[in-house]
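# A structural walkthrough
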Amino acid sequence: MKWTDCLREILWPNRCPGCGKVILPQELLCEPCGEKVLLGHDAYCHACGKVSCLCEKRHPAYDKAVVSCRYADEGAAAIIRMKRSENTNIAYFSARILAERLRFSPEYGSFDCVMPVPMHRSKQQQRGYNQASLIAAELGRLLGLPLREDVLYKEKSRYEQHNLNAGQRYENVRSFGIRDIRLDGMRILLCDDVLTTGATMDRCAALLKQNGAAFVTAAAAAATVPPPQAPTQTQGGTP
Ligand SMILES: [Zn+2]
């Protein structure tokens, strides 16, 4: 290890983004968190990416979805630390899981490029990076795919996506746009940090298809999970 890396390890030790515990420099999460954050590959719908499938209501514009982590507990903590520019380990961790799932499930097929869901310039400057780009870049490196950030863009929106109800989310996603670049026949891996309703991915995939994309797979580091079932009330209890 170089002395500068040594010094960095002493001053700012590598921490698990799930629980905050100090971990080895080469680790991304502590072992317990690494297991807890995972969303089983069979636990979500491979078409919409949701734990509780939405396909019957409305099939999204993307064709397939792949997800790595649960947006709950330690998984949510890790994603939030990435959004606050505190710890980006989860981007590399989730990219590894996503790459593995894409490689070993033939249903996904091959891709021509990877694209992150864009972020508005001013927000990216404030944060220092677009977290979707971090995930997309690592995923591209692992799968040997070019990263395309020149196609989609985002206008400044009035709202933060995660604070909105479903109607406002729909309104908000209209701030995404696409440049006049033909994508005829392309198979695109579209990448974002969290898949909530899927509205953002849906909008971006629809734009890509407008420009000729043949197939879009939505890859999300994490997906929201339904809250645990409340214990069932026993009928006829004392009032
Ligand atoms: Zn941990």
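Now for a description of the structure that goes with this document. (Residues numbered from 1 in each chain as written. Predicted model: local features only at pLDDT ≥ 70, side-chain atom pairs only at ≥ 80, totals over all residues. Heavy atoms only, no water.)

## Brief notes about the coordination of the zinc ion
Cut-off, in case you're wondering: Note on donors: an N, O or S atom is included if it sits within 2.8 Å of the metal, or within 3.2 Å for Na, K and Ca, and water is never included, so sites can look incomplete. Each label reflects the angles at the metal, where four donors whose angles all fall between 85 and 135 degrees are tetrahedral, four or six donors whose opposite pairs open beyond 155 degrees and whose other angles stay between 65 and 115 are square planar or octahedral respectively, and the rest are irregular. Per the convention used, a helix needs a DSSP run of H or I reaching at least four residues, while a strand needs a run of E reaching at least two, with both numbered from the N terminus.
Note on the zinc ion: its protein donors are Cys 16 (SG), Cys 19 (SG), Cys 30 (SG) and Cys 33 (SG). The metal-donor distances range over 2.3 to 2.4 Å. One way to put it: the four donor atoms around the zinc ion meet at angles of 101 to 116 degrees, and that makes the site tetrahedral. Summarised as a motif, the one-chain spacing of the donors to the zinc ion is C-x2-C-x10-C-x2-C. Taken as a pair, Cys 19 in the loop between α1 (3-11) and α2 (31-36) and Cys 33 in helix α2 lie far apart in primary sequence, 14 residues in all.

## Notes on the nonpolar core
Here is the rule we go by: Take the buried Ala, Val, Leu, Ile, Met, Phe, Trp, Tyr and Cys residues and link them wherever side-chain atoms come within 4.5 Å; each set so joined is a nonpolar core. Summary of the burial criterion: residues with accessible area below 20% of their type's maximum are buried, those above 50% are exposed, and those between are partly exposed, where the area comes from a 1.4 Å probe applied to protein chains only. Should any heavy atoms of two residues lie within 4.5 Å, those residues are considered in contact.
Tyr 62, Met 115, Leu 183, Leu 190 and Leu 208 are the most contacted members of the largest nonpolar core, which totals 64 residues. Sequence-distant contacts of Leu 208, that is, excluding residues within four places in its chain, are made with Met 115, Val 151, Leu 152, Ile 178, Leu 183, Ile 188, Leu 190, Ala 213 and Val 216.

## Digging into helix α6 (residues 131-143)
The cut-off we apply is this: Helix span, as expected, comes to 1.5 Å for every residue beyond the first. Distance and chemistry together define a polar contact, namely a pair of N or O atoms within 3.5 Å, with one atom able to donate a hydrogen and the other to accept it when in protein, and with adjacent residues in sequence counting only for side-chain atoms on both sides.
Taking 1.5 Å of rise per residue, the 13 residues of α6 would be expected to cover 18 Å, and the 18 Å separating its terminal C-alpha atoms lies within 8% of that figure. Those residues of α6 that sit buried are Gln 131, Ala 132, Ser 133, Leu 134, Ile 135, Ala 136, Glu 138, Leu 139 and Gly 140. In this structure, the buried side of α6 is in contact with α3 (73-83), α4 (89-104), β2 (113-116), α5 (121-127), β5 (187-195) and β6 (215-224). The N-cap residue of α6 is Asn 130: its side-chain oxygen and the backbone nitrogen of Ala 132 are 3.0 Å apart. Two residues or fewer after α6 comes Gly 144, characterised by a positive phi angle close to 70 degrees.

## Here we look at the environment of Val 151
In this fold, Val 151 is placed in the loop between α6 and β3 (152-154). C-alpha of Val 151 to C-alpha of Met 115: the two residues are 36 residues apart in sequence and 8.3 Å apart in space. Apart from residues lying up to four places away in sequence, Val 151 is in contact with Met 115, Gly 177, Ile 178, Arg 179, Ile 181, Leu 183 and Leu 208.

## Structural notes on the pattern of salt bridges
Inclusion rule: Counted as salt bridges are all cases of a side-chain nitrogen of Lys or Arg within 4 Å of a carboxyl oxygen of Asp or Glu.
Within the structure shown, the criterion is met by 10 salt bridges. Among the salt bridges present, the one from Asp 193 reaches Lys 83, with a minimum N-O distance of 2.8 Å. In this pair, Asp 193 is assigned in strand β5 and Lys 83 in helix α3, connecting sequence segments 110 residues apart. Take Asp 193: its relative accessible area is 4%, and that puts it in the buried class.

On their own, these measurements won't tell you what the molecule is for.
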